[in-house]
Amino acid sequence: MVVFDIIIIGAGASGLAAAYKAADSSEKLNILVLEKEKIPGRKLSAAGNGKCNLTNRQFHVACYHSKSRNILSDWVNRHSHQEMVSFFEQMGILLYETDGYFYPKSNQGKQVTALLCEKCKQMGVQFLFEKKAMKLHWQKNHICEVTVSDKEDIVATYRAKNVILAAGGLAAPRLGGGDVGYQLLSGLGLRLQPVYPALSPVYMEDSLLKLAKGVRLDASVTLKNADGTSIREKGQVQFNENSLSGIVIMNLSCYLNEGTATGQAASLFLDVLPEITWNDLKHYFVKQRQRFPKETVLQLLNGVLPEPFSTYIIKRLVLNRDEEIKKLSEKQINRLTSVLKKLTFTPVCRQDYDKAQVTGGGLDLREIQIDTFESVKYPGFYITGELLDVNGKCGGYNLTFAILSGIKAAETIVKKYEDVAT
């Protein structure tokens, strides 16, 4: 039976980067990539709404989440966005920058995936698709047996001196997300942190929220966790039928879902008019009441907000939309001001991996050597990308981690072969 130098499980961003780096660094290596889907890199192709936001100039540990923050900080401090730019330019994919965000000049994630695969194949990398890894077993000679099944449940075994597990997480199952990697890691007795959907909408039990469906507002958003800690973001919020979304909400979802995965509660507060102070907003309402006493409550709010959102606020406060504002009491004006400056929601935990962009939690970073991504317990076994307890906010951070971790695993294996040769 053929013994491969490297078997890579998963042909996503991390697996493809590892395959390319290993093949480009040493033409002698016999490399096999196993992928459970029909095609490679579906999440990579869809990243950034298909434009493929690959990395970000603002690269620091605050952009990432992990239970092992000190270990993660050590990794972040060793790297930069320039490594990503150099990697793709060396491959022949030029990037451009917009406000710190880097994209391929083609603006086509599918082309990035296609070029990665084509170049790997040109350098002799073998690909087998619709092959789901079921089990990993190390023999006494340190050769790993990888047991796989295909769509017809036909089982086969492949052997390798080194294995890179880059199977991805649970997020976006329509793009290939699944639990293959977690099952393999659990089977090896490795520690996993609780997993949760990240970069996802935040759901609410609010039957009135549908009234504001489709509204987008610039807001200051504060998430207050059960332990009293608060995280604040500013940006555009989108109101949906039973959830809030938008980049600002998706970034906060990482903290929220991490907490709810361990049974903690949280509160979400929106200031939908962050450029106006509470006192100034109240003064505006009082002044309008004096100038236009016959104006309705709906007309008053429509002067500062989209009508669907005005309707939502009126219903939430149990006001009469057609009531003349001269009839509003001082208490009602205070309540109206307060709800716009601190609109409060109680998020509900919903494990919606369908709409999540990435999976939080995963393999505890103490199970690997962060400088190589090699397993502490299983020499020659490397775990990269989304399977690890690392997830980043929007802006190319997750692709950066996935690709750089795949590259480092490949570099480590190549160096081992070079050291033996010398």
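Summary of the structure given here. (Residues numbered from 1 in each chain as written. Predicted model: local features only at pLDDT ≥ 70, side-chain atom pairs only at ≥ 80, totals over all residues. Heavy atoms only, no water.)

**Focus on the overall build of the chain**
Counted only if it meets this: Where helices and strands are cited, they refer to DSSP runs of H or I of at least four residues and of E of at least two residues respectively, numbered from the N terminus. We call a residue buried when its accessible area falls under 20% of the maximum for its residue type, exposed when it is over 50%, and partly exposed in between, using a 1.4 Å probe and counting protein chains only. It only takes one pair of heavy atoms within 4.5 Å for two residues to be counted as in contact. Accessible areas in this description were obtained via Shrake-Rupley with a 1.4 Å probe; residue shielding takes into account the shown protein chains only. The sign given to each residue is positive for Lys and Arg and negative for Asp and Glu; His and the chain ends receive no count. One atom stands in for each charge, and that atom is NZ of Lys, CZ of Arg, CG of Asp or CD of Glu.
Across its full length, the chain holds twelve helices and 23 strands. Expressed as lengths along the three principal axes of its C-alpha atoms, the size of the chain is roughly 85 × 40 × 40 Å. Out of the 422 residues in the chain, the part that is buried amounts to 55%. When contacts within the chain are restricted to residue pairs at least 6 apart in sequence, long-range pairs at least 24 apart make up 72% of them. As displayed, the chain has an accessible area near 18,900 Å², and 48% of this comes from carbon and sulfur atoms. Put simply, the chain has 52 plus and 44 minus side-chain charges, and the middle of one group is 5 Å from the middle of the other.

**Observations concerning unusual backbone geometry**
Residues other than glycine seldom take positive phi values, yet N49 does so here, at roughly 55 degrees. You can see N49 is positioned in the loop between α2 (42–46) and β3 (55–56). We classify N49 as exposed; its relative accessible area is 81%. Phi is positive for L199, which is not a glycine, with a value near 50 degrees. Along the chain, L199 turns up in the loop between β11 (192–198) and β12 (202–204). You can call L199 buried: its relative accessible area is 3%.

**As for the sheet that holds strand β6 (residues 101–104)**
This is how it is decided: We call two strands paired when DSSP finds no fewer than two bridges between them.
Across the sheet, which stays open at both edges, the three strands sit in the order β3-β6-β5 with antiparallel pairing between neighbours. What marks the edges here is a single partner per strand, and that holds for β3 and β5 (95–98). Inspection of the sheet shows β3 paired to β6 by two bridges, in the antiparallel sense. Of the residues in β6, the one forming a bridge with N56 is Y101.

**Notes on the nonpolar core**
In plain terms, the rule: Only buried residues count toward a nonpolar core, which is a set of Ala, Val, Leu, Ile, Met, Phe, Trp, Tyr and Cys residues joined through side-chain atoms within 4.5 Å.
Membership of the largest hydrophobic core comes to 82 residues, with the highest contact counts inside it found for Y64, W75, F88, V146 and F381. The element contributing the most residues to this core is helix α12 (residues 397–421), with ten residues. Non-local contacts of F381, meaning those with residues more than four positions away in its chain, are made with L136, W138, V163, L165, L185, L188, L190, F373, E374 and S375. Of all hydrophobic cores here, the second largest spans 44 residues; its members include I249, L328, L340 and L343.

**Describing the pairing of strand β8 (residues 132–138)**
Where β8 lies against strand β9 (residues 144–149), six bridges are found, and the strand directions are antiparallel. Counted as the bridge partner of L136 is V146 from β9. Where β8 hands over to β9, the hairpin turn is made up of five residues, of which H142 adopts a positive phi near 70 degrees.

That's the geometry; what it means functionally is another story.
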